[in-house]
Amino acid sequence: MAGLSGGDGEIRLKKTKPSKNARTARKADKHILYQESVQTPEADASFITRTFRALRGREAQSLREDFCGTALFSGQWVKGGRERTAFGIDLDSKVQDWGREHNLGPLGAAAERVVLFTGDVLHTRTPRVDVNVAFNFSYWVFKTRPLLRDYFRAVHRHLKKDGLFFLDMHGGTQSMEVLCERRRKHGFTYVWEHLTFDIVSHDMRCAISFEFPDGTRQKHAFTYDWRLWSLPEVRELLLEAGFSDVRCYFEGTKRGTTTGNGIYSLKERCSNDPCWLAYVVAAP
Ligand SMILES: C[S@@+](CC[C@H](N)C(=O)[O-])C[C@H]1O[C@@H](n2cnc3c(N)ncnc32)[C@H](O)[C@@H]1O
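In this numbering scheme, every chain counts its residues from 1 along its sequence in written order. Selection of residues for local features in this predicted model requires a pLDDT of at least 70, selection of side-chain atom pairs for listing and counting requires 80 or more, and totals for whole chains, interfaces and linings are taken over all residues. Side-chain descriptors were evaluated using all non-hydrogen atoms of the structure, hydrogens and water having been removed beforehand.

*Asks:* Explain unusual backbone geometry here, please?
*Replies:* Peptide bonds are, in most cases, trans, and in most cases residues other than glycine have a negative phi. Phi at Ala71 is positive, roughly 60°, even though this residue is not glycine. You can see Ala71 is positioned in the loop between β2 (62-66) and α3 (72-79). Only protein chains enter the calculation, and the probe is 1.4 Å; a residue is then buried if its accessible area is under 20% of its type maximum, exposed if over 50%, and partly exposed in between. Classification of Ala71 as buried rests on a relative accessible area of 0%. The backbone of His202 shows a phi angle near 65°, a positive value even though the residue is not glycine. In this structure, His202 sits in the loop between β8 (188-197) and β9 (203-211). By definition, any uninterrupted DSSP run of H or I lasting at least four residues is a helix, any uninterrupted run of E lasting at least two residues is a strand, and each is numbered from the N terminus.

*Asks:* What exactly am I supposed to notice about the environment of Leu167 here?
*Replies:* With respect to the secondary-structure elements, Leu167 resides in strand β6 (residues 159-171). Along the sequence, Leu167 and Asp97 sit 70 residues apart, while their C-alpha atoms lie 24 Å from each other. By the convention used here, residues are in contact when the closest approach between their heavy atoms is within 4.5 Å. Setting aside chain neighbours within four positions, we find Leu167 in contact with Ala134, Phe135, Tyr139, Phe152, Val234, Leu238, Ala278, Tyr279 and Val280.

*Asks:* It is not clear to me how the site of the ligand should be interpreted in this structure. Could you clarify?
*Replies:* One heavy atom within 4 Å of a molecule or strand is enough for the residue carrying it to be called near that molecule or strand. Around the ligand, a shell composed of 20 residues is seen, among which Tyr34, Phe67, Asp90, Val121 and Asn136 lie nearest. Polar contacts, as counted here, are pairs of nitrogen or oxygen atoms within 3.5 Å of one another; within protein the pair requires one atom able to donate a hydrogen and one able to accept it, and residues that are adjacent in sequence qualify only if both atoms are side-chain atoms. Phe67 places a main-chain nitrogen or oxygen 2.6 Å from a nitrogen atom of the ligand. Take Val121: an N or O atom from its main chain is 3.0 Å from a nitrogen atom of the ligand. The Shrake-Rupley method, run with a 1.4 Å probe sphere, supplies the accessible areas, and residue values consider only the shown protein chains as cover. For the ligand, the accessible surface in isolation is 600 Å², of which the surrounding protein chains cover 95%. Three residue categories are used. Nonpolar comprises Ala, Val, Leu, Ile, Met, Phe, Trp, Tyr, Cys and Pro, charged comprises Asp, Glu, Lys and Arg, and polar comprises the others, including Gly. For the shell around the ligand, the residue count by class is eleven nonpolar, five polar and four charged.

*Asks:* Just checking my understanding: could you explain the sheet that holds strand β5 (residues 129-134) for this structure?
*Replies:* Each strand in a sheet pairs with its neighbour through backbone hydrogen bonds, running either in the same direction (parallel) or in the opposite one (antiparallel). Strands pair, by our definition, only if DSSP identifies at least two bridges between them. A sheet is described by the order of its strands in space; here eight strands give the open sequence β4-β3-β2-β5-β6-β13-β11-β12, paired in mixed fashion. The open sheet is flanked by β4 (114-118) and β12 (260-266), the only strands paired with a single partner. Taking each pair of neighbouring strands and ignoring which way they run, the sheet shows an average axis angle of 20°. Pairing analysis gives five bridges linking β2 to strand β3 (residues 85-90), with the strands arranged parallel. Each residue of the ladder has a partner; that of Asp66, found in β3, is Ile89. In this fold α3 packs onto β2, β3, β4 and β5, with an angle of close to 175° to the strand it touches most, β3. Working convention: axes come from line fits to C-alpha atoms, limited for helices to the stretch in contact. Angles between N-to-C directions cover 0 to 180 degrees. Set on the sheet, helix α4 (residues 93-104) makes contact with β3 and β4; between it and β4 the angle comes to about 165°.

Remember that the coordinates give geometry; whether it matters functionally is a separate question.
Right, here's the structure in full:
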């Protein structure tokens, strides 16, 4: 992925004898690990389907996935109905090729309803769509107000009159901290790091690494150079770009814990958390 640098650091941590099929740094494909660690295409598609139906009184059919990477979400979208279509846009043709082979190919005929464009989301023109998505905070690559506003204007131009723009946000007290979190996955550990955070510019560098039971790891398999945007800034820029209504849906927590429960509700006000996640939904 452009803006993300490939990790070449295969480091042996401690030796244990791996089973034959066990994942190791050498054998594991970083795009598969990424998808298993940070993407939730079924849940995203379900949220969009329900929210679009509730707000627009019809079914969403056409989608534009900005920063599509491996186009996992575009594939999930077209699987959800025969009328559904998707355009995926990304700067990185190699990642898109990987997605064609691993995510779109297995869909068979449905894959014909996905068209991938290699280009900049600021300048790539597509027909107008019902839904535009920008997920996994990818739009944080735009670090100035004029650039982010230009991006939001580009999205606005590509939406139908009753279309909706879905983007995600995270924040909370931990978002400005240098930190390293580990989460166990199937046969590997996902490691999320905030490497640096600058309080003057809100520039942050983050990285994803993967660790394996045999002690090897893919260090900094993906890195990110972002600006940490706040919710009020994003709302204001969406409105300045021409959107008329911006709503925030926050993830709830499991009873008695601060762990997310995957259920998002519309809120006008919300108290801070160590780490919160939200969908922002903007109407043109
Ligand atoms: C974090 S990945 C997102 C992958 C996937 N959409 C997801 O939700 O996890 C960010 C992607 O944005 C792409 N990208 C960065 N700047 C871009 C731009 N200006 N236009 C198009 N793609 C861009 C990168 O090539 C990379 O594949």
